Amino acid sequence: MKHILIPVDFSSQSWNTALCAINLYKSPRVHFYLFFSEELDYSADHETTICEPPTQQLTSWVKKLDKVIAGGQTIIPLTWKSDFIGGMRKAVADNHIDLIVMSTSYPNIFSEFLQGSHVREVITRLKCPVLIVPREFYCKSPEQVVLITDYNFNHRAEPTSIINNFVQKADAHLNVLQLSKTGNALSETQQTNKTFLQSAFDSIPHSFHFVMEKTMDEALQFFIDIQKVDIVVLFAKNINLSENILFSPALTEEKDYHKNIPFLIVHE
């Protein structure tokens with residue numbers, strides 16, 4: 001990851017997300033792009049009122065973040081006066097963005113009632129990896145990463161390479177988790193897709209798991225608790241899992257992964 005785009009709205013939540021991105025990526029020659037759109041703020045956190053022109057606020061943030069980035073890194077401001085998604089799409093294309101890091105203040109950032117949510121629009125409309133940072137996440141280098149899959153579609157080298165690089169850079173362990181309501185028996189096609197993943201991840205520490213007889217969100221919460229998972233990875237192409245894991249209602253229990261577990265969304 002050399003070009004990282006961070007949408008900001010000058011709230012405390014987006015400031016923490018910018019610091020999180022910088023903390024996760026400390027290598028030289030990484031460029032962080034702070035993106036501000038003058039369209040309605042995408043964040044629900046309105047505790048910060050912008051009292052000065054956005055361009056001045058953006059310049060102020062760049063100066064502050066310049067003091068915390070690693071040597072050989074740069075902070076670059078970007079502004080957009082039209083629609084948010086149009087500006088994001090242009091920023092991604094013009095700056096060869098490898099990763100978007102976004103924040104959210106919602107208990108469940110993917111809830112159906114969030115009409116017009118920019119987080120949701122970015123995931124579904126931009127073909128770029130997205131790291132979603134929830135409101136209660138304490139930023140640290142991940143040790144346990146889980147990739148959710150049902151092995152129902154053919155994988156390609158590019159997205160698995162993105163996951164490989166992410167896990168390798170973090171010096172983490174990758175758990176590949178199958179969520180199943182009936183059992184872990186695989187069809188011939190599913191086994192072929194699993195074999196591809198086994199080969200794709202053979203250069204990093206990894207293991208394969210399955211959880212049965214729970215709803216998908218309950219199974220994921222169970223696995224997160226058992227394995228002390230820090231980040232969840234999901235293929236955007238996997239519509240079934242997206243609807244059940246991302247777009248499901250928030251869990252009612254005190255523990256709810258929507259609130260404190262980041263999601264890395266990778267496009268096939």
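Each remark here, short or long, concerns the structure printed above.
Here the structure is a predicted model, which means the values were calculated and not measured. (Residues numbered from 1 in each chain as written. Predicted model: local features only at pLDDT ≥ 70, side-chain atom pairs only at ≥ 80, totals over all residues. Heavy atoms only, no water.)

**Student:** It is not clear to me how the overall build of the protein chain should be interpreted in this structure. Could you clarify?
**Tutor:** Of the regular secondary structure elements, the protein chain holds nine helices and 10 strands. When each of the 268 residues of the protein chain is scored for burial, the buried share is 53%. The long-range fraction of contacts in the protein chain, counting pairs at least 24 apart against all pairs at least 6 apart in sequence, stands at 83%. Of the roughly 12,400 Å² of accessible surface on the protein chain, 50% is carried by carbon and sulfur atoms. (Helix = DSSP H or I, 4+ residues; strand = E, 2+ residues; numbered from the N terminus. Buried < 20%, exposed > 50% of the residue type's maximum accessible area, 1.4 Å probe, protein only. Contact = heavy atoms within 4.5 Å. Areas by Shrake-Rupley, 256 points an atom, 1.4 Å probe, with all protein chains shown as cover.)

**Student:** Before we go on, may I ask you to explain the nonpolar core in this structure?
**Tutor:** Note on soluble globular proteins: their nonpolar side chains tend to be buried together. Ranked by size, the top nonpolar core spans 46 residues in total, and within it Ile6, Phe32, Leu34, Ile163, Leu174 and Phe201 carry the most contacts. Not counting the four nearest positions on each side in its chain, Ile163 is found in contact with Leu147, Leu174, Phe201, Val233, Phe235 and Val266. Listed in part, the 37 residues of the second largest apolar core include Ile85, Cys128, Ile224 and Tyr257. (Core = buried A, V, L, I, M, F, W, Y, C linked by side-chain atoms within 4.5 Å.)

**Student:** Help me understand the pairing of strand S7 (residues 173-180), please; the structure alone is not making it clear to me.
**Tutor:** Successive residues of a regular strand alternate their side chains across the two faces of the sheet. Burial analysis of S7 places seven of its eight residues in the buried class, the great majority of the element. Pairing between strand S6 (residues 144-149) and S7: six bridges, direction parallel. Bridge pairing in S7 links Leu147 to Val176. Taken together, S6, helix H5 (residues 157-170) and S7 constitute a β-α-β crossover, and its handedness is right-handed. (Pairing = 2+ DSSP bridges. Right-handed = clockwise from strand over helix to strand, strands pointing away.)

**Student:** Looking at this structure, I do not really get the sheet that holds S6. What am I missing?
**Tutor:** In any sheet, the strands associate via hydrogen bonds between backbone groups, in a parallel or an antiparallel arrangement. Across the sheet, 10 strands lie side by side as S3-S2-S1-S4-S5-S10-S9-S6-S7-S8; this open sheet has mixed pairing. Of all strands in the sheet, those bounded by a partner on one side alone are strand S3 (74-80) and strand S8 (206-212). Within this sheet the neighbouring strands show an average axis-to-axis angle of 25°, counted without direction. Here strand S2 (residues 31-37) runs beside S3; their pairing, made up of seven bridges, is parallel. From the neighbouring strand, Phe35 faces S3, where its bridge partner is Leu78. In the packing of helix H1 (residues 12-24) onto the sheet, contacts are made with strand S1 (3-7), S2, S3, strand S4 (99-103) and strand S5 (130-133), and the angle to S4 comes to roughly 145°. Seen against the sheet, helix H4 (residues 118-125) touches S4, S5 and strand S10 (263-266) and runs at an angle of roughly 160° to S4. (Axes fitted to C-alpha atoms, helices over the stretch in contact; angles between N-to-C directions.)

**Student:** Sorry if this is basic, but what is going on with the layout of surface pockets here?
**Tutor:** Where empty space is left can be seen by rolling a probe of water-molecule size over the atoms. In this model, the largest pocket occupies a volume close to 270 Å³. Around the largest pocket, the lining is made up of 15 residues, and of these Ile224, Val229, Asp230, Asn260 and Ile261 lie nearest the centre. (1 Å grid on protein atoms, 1.4 Å probe; cavity = no way out; pocket = protein on both sides within 12 Å on 5 of 7 lines; lining within 4 Å. Points joined across faces, edges and corners; volume = space filled by probe spheres on them.)

**Student:** Any chance you could explain helix H6 (residues 188-200) here in plain terms?
**Tutor:** Every α-helix winds through 3.6 residues per turn, so residues three or four apart in the chain are directed the same way. The terminal C-alpha atoms of H6 lie 18 Å apart, and with 13 residues this matches the ideal 18 Å at 1.5 Å per residue to within 8%. Gln190, Asn193, Lys194, Leu197 and Ala200 are the residues of H6 that are buried. Around the axis of H6, the buried residues are gathered within 120° of arc, so they sit on the same side. (Expected span 1.5 Å × (residues − 1). Arc of directions from axis to C-beta.)

**Student:** Hey, could you run me through the packing of H5 against H6 in this one?
**Tutor:** Packed helices, taken two at a time, are described by the angle between their axes plus the distance between the axes. Here H5 crosses H6 at 45°, and the two axes come no closer than 10 Å. Taken as axis vectors, H5 and H6 run oblique relative to one another. Of the two elements, H5 crosses H6, and the hand of that crossing is right-handed. Contact residues: Ala157, Thr160 and Asn164 in H5; Phe196, Leu197 and Ala200 in H6. Among the residues making up the contact of H5 with H6, the classes are represented as four nonpolar, two polar and no charged. (Parallel < 35°, antiparallel > 145°, perpendicular 65-115°, else oblique. Left-handed = near helix turned anticlockwise from the far one by under 90°. Nonpolar A, V, L, I, M, F, W, Y, C, P; charged D, E, K, R; others polar.)

**Student:** Would you explain unusual backbone geometry in this entry?
**Tutor:** A negative phi angle characterises most non-glycine residues, just as the trans form characterises most peptide bonds. The phi angle at Phe10 is positive, at roughly 70°, despite the residue not being glycine. Positionally, Phe10 belongs in the loop between S1 and H1. Residue class for Phe10 comes out buried when judged on its relative accessible area of 2%. One non-glycine residue with positive phi stands out, namely Arg29, at about 65°. Using a relative accessible area of 56% as the deciding quantity, one classes Arg29 as exposed.

**Student:** Is there a simple way to think about the pattern of salt bridges in this case?
**Tutor:** Pairing between side chains becomes possible if they bear opposite charge and their charged atoms approach one another. Following the criterion strictly, the structure yields three salt bridges and no others. Linking Arg125 and Glu121 is a salt bridge whose minimum nitrogen-to-oxygen distance equals 3.7 Å. Here Arg125 pairs with Glu121, and both are found in helix H4, just four residues apart, close to one helical turn. (Salt bridge = Lys/Arg side-chain N within 4 Å of Asp/Glu carboxyl O.)

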